[in-house]
Amino acid sequence: MDSSRAKVGRNRYLTEAKLREALVAVLVADGFGALTPTAVGKAAGVDKMLIYRYFGGMDGLVETVANGPNFFPTFEEVCGGDPAATRGLPIAERAALVLDNIAHILMARPAVLELMVWELVERNALTAIAEAARETMGLRIVKELFGDVRDIEKVGAVSAVLSAGVTYLVLRRRKIRRFNGIDLLSDAGWAQIRAAIATMAGGLA
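Counting of residues starts from 1 at the beginning of each chain's written sequence and follows it residue by residue. Predicted model: local features are reported for residues with pLDDT of at least 70 only, side-chain atom pairs are reported and counted for 80 or more only, and whole-chain, interface and lining totals are derived from all residues. Water and hydrogen atoms play no part in the side-chain values, which are based on all heavy atoms of the structure.

Each salt bridge in this description consists of a side-chain nitrogen of Lys or Arg and a carboxyl oxygen of Asp or Glu lying within 4 Å of one another. The full count for this structure, using the stated rule, is ten salt bridges. Close ionic contact of R87 with E144 constitutes a salt bridge, the shortest N to O distance being 3.7 Å. Separated by 57 residues along the polypeptide, R87 in helix α6 (residues 83-87) and E144 in helix α9 (residues 125-145) bring together distant segments of the chain. Relative accessible area decides the class of each residue, using a 1.4 Å probe on protein chains only: under 20% of the type maximum gives buried, over 50% gives exposed, and in between gives partly exposed. The class for R87 is partly exposed, based on a relative accessible area of 36%. Judged by its relative accessible area of 29%, E144 is partly exposed. Secondary structure elements are defined from DSSP: runs of H or I of at least 4 residues count as helices, runs of E of at least 2 residues count as strands, and each element is numbered from the N terminus.

The structure is reproduced here in structure tokens:
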């Protein structure tokens, strides 16, 4: 009896992992328009009804993926693995480091970029889940990394403008190489962007 239950548990664990991986694969290969239970189930090689049994539906599956590892940047990743060291940097350097880290993490995660594109096109339960995860992280970054800035509302506004700009450039590089003369596919181009962030964030000090 115990052996049978353990086998069922292992099978469920493996199937859930397959479904999470399949959702990411469908997003990257075919875009958000193809993200359906049928497509995800087929990519995972399992019955689509298991999405409802194990996750309660597509909303639950997307939420699990969005809040899981290796999807949206984690706080530790944004800090380069050392939050204390990041907090110790001058404000301008801190902002430049954080946004540069976010940019490069997003570049390495095409499924996240597809979900962000989806957010721009339509508002639904699935994109709301992604929005909530991203918004929670953004507020944590402001609170925990820039809490020493007296005008916290100003930090929020500056963060919104800079992070939106960086996100837009990361999305644009999927289709174009240059934006306003900056090579979005080169390290030199992103070094220019990081320097510009530091200059603009210097006003927070």
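For the protein chain, the mean per-residue pLDDT works out to 89, and 95% of the residues sit at or above 70. Looking over the protein chain, one finds the lowest element-wise mean pLDDT in helix α1 (residues 2-30), namely 81, and the highest in strand β2 (residues 182-183), namely 98. Each residue carries a pLDDT value, the predictor's own confidence for that position, ranging from 0 to 100.

Quick look at the packing of helix α8 (residues 110-121) against α9 now. As a rule, the C-alpha atoms of each element are fitted with a line to give its axis, helices using only the stretch in contact, and angles between N-to-C directions run from 0 to 180 degrees. Relative orientation of the contacting elements α8 and α9 amounts to 115°, with a least axis distance of 9 Å. By the angle between their axes, α8 is roughly perpendicular relative to α9. The element α8 and its partner α9 pack so that their crossing is left-handed. Contacts from L115, M116, W118 and E119 of α8 reach α9 at L126, T127, A130, E131 and R134. Of the residues assigned to the contact of α8 with α9, the class counts are five nonpolar, one polar and three charged. Angles are sorted into four bins: roughly parallel if under 35 degrees, roughly antiparallel if over 145, roughly perpendicular if 65 to 115, and oblique for all others. For any pair of crossing helices, the crossing counts as left-handed if the nearer helix is rotated counterclockwise from the farther one by less than a right angle, and right-handed if it is rotated clockwise. Any two residues having at least one pair of non-hydrogen atoms within 4.5 Å are treated as being in contact. In this count, Pro and Cys sit with the nonpolar residues alongside Ala, Val, Leu, Ile, Met, Phe, Trp and Tyr, while Asp, Glu, Lys and Arg are called charged and the others, Gly among them, polar.

With respect to the helices and strands, the residue F146 is situated in the loop between α9 and α10 (152-172). Overall, F146 belongs to the buried group, its relative accessible area being 6%. For the pair F146 and R94, spaced 52 residues apart in the sequence, the C-alpha separation amounts to 8.6 Å. Those residues in contact with F146 that sit more than four places away from it in its chain are I91, R94, A95, I141, I152 and V155.

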